[in-house]
Amino acid sequence: MEWIFLLIAGLFEISWAIGLKFSFGFTKPIPSVLTVFCMILSFYFLSLSLKNLPLGTAYAVWTGIGTIGTVILGIMLFREPFDILRIICILFIICGITGLKLLSA
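First, a word on what this report is: a plain description of the structure on this page. (Residues numbered from 1 in each chain as written. Predicted model: local features only at pLDDT ≥ 70, side-chain atom pairs only at ≥ 80, totals over all residues. Heavy atoms only, no water.)

1. A closer look at the environment of P54
Mapped onto the elements of the fold, P54 is located in the loop between α2 (29-49) and α3 (55-78). Residue classification places P54 among the partly exposed residues on the basis of a relative accessible area of 43%. Taking the C-alpha atoms as reference points, P54 and G19, separated by 35 residues in sequence, lie 28 Å from one another. (Helix = DSSP H or I, 4+ residues; strand = E, 2+ residues; numbered from the N terminus. Buried < 20%, exposed > 50% of the residue type's maximum accessible area, 1.4 Å probe, protein only.)

2. Side note on the packing of helix α1 (residues 2-23) against α2
Where α1 contacts α2, the axes come no closer than 7 Å and their chain directions differ by 160°. On the basis of the axis angle, α1 is roughly antiparallel to α2. Crossing handedness for the pair α1 and α2: left-handed. Residue composition of the contact of α1 with α2, by class: 15 nonpolar, 7 polar and 2 charged. (Axes fitted to C-alpha atoms, helices over the stretch in contact; angles between N-to-C directions. Parallel < 35°, antiparallel > 145°, perpendicular 65-115°, else oblique. Left-handed = near helix turned anticlockwise from the far one by under 90°. Nonpolar A, V, L, I, M, F, W, Y, C, P; charged D, E, K, R; others polar.)

3. Quick look at the side chain of T57
You can see T57 is positioned in helix α3. Accessibility expressed as a relative area gives 12% for T57, which makes it buried. When neighbours within four sequence positions are excluded, T57 is seen to be in contact with W3, L100 and S104. (Contact = heavy atoms within 4.5 Å.)

4. As for α1
Here α1 is 22 residues long and its end C-alpha atoms lie 31 Å apart, about the 32 Å a rise of 1.5 Å per residue gives. Regarding α1, the residues found buried are L6, A9, G10, E13, I14, W16, I18, G19 and S23. The elements touched by buried residues of α1 are α2 and α3. One or two residues past the end of α1 sits F24, with phi positive at roughly 50°. (Expected span 1.5 Å × (residues − 1).)

Any functional reading would require information that these geometric values do not contain.
Shown next, in the form of structure tokens:
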């Protein structure tokens, strides 16, 4: 169950990272409130996962999920650069997350 909590925490991390962009430095009320709400939920689910997962593993996986999702959505929503080097870097992150998952069993 802790891995499910960690995945949910990572998805909320993606949400608040994208929300930061839409909040324009917390100057837009609705996106700002939603961003803070997603932050709280992300930390909450991360804390639930930490009951049974090692801190270093959980934190690395959490930030990895957030990084991958934010890069992909940045490309899709904000027309950020999309090139082979970015894809290779994302694949390295996926390899690291997979390795940490396998080693924590």
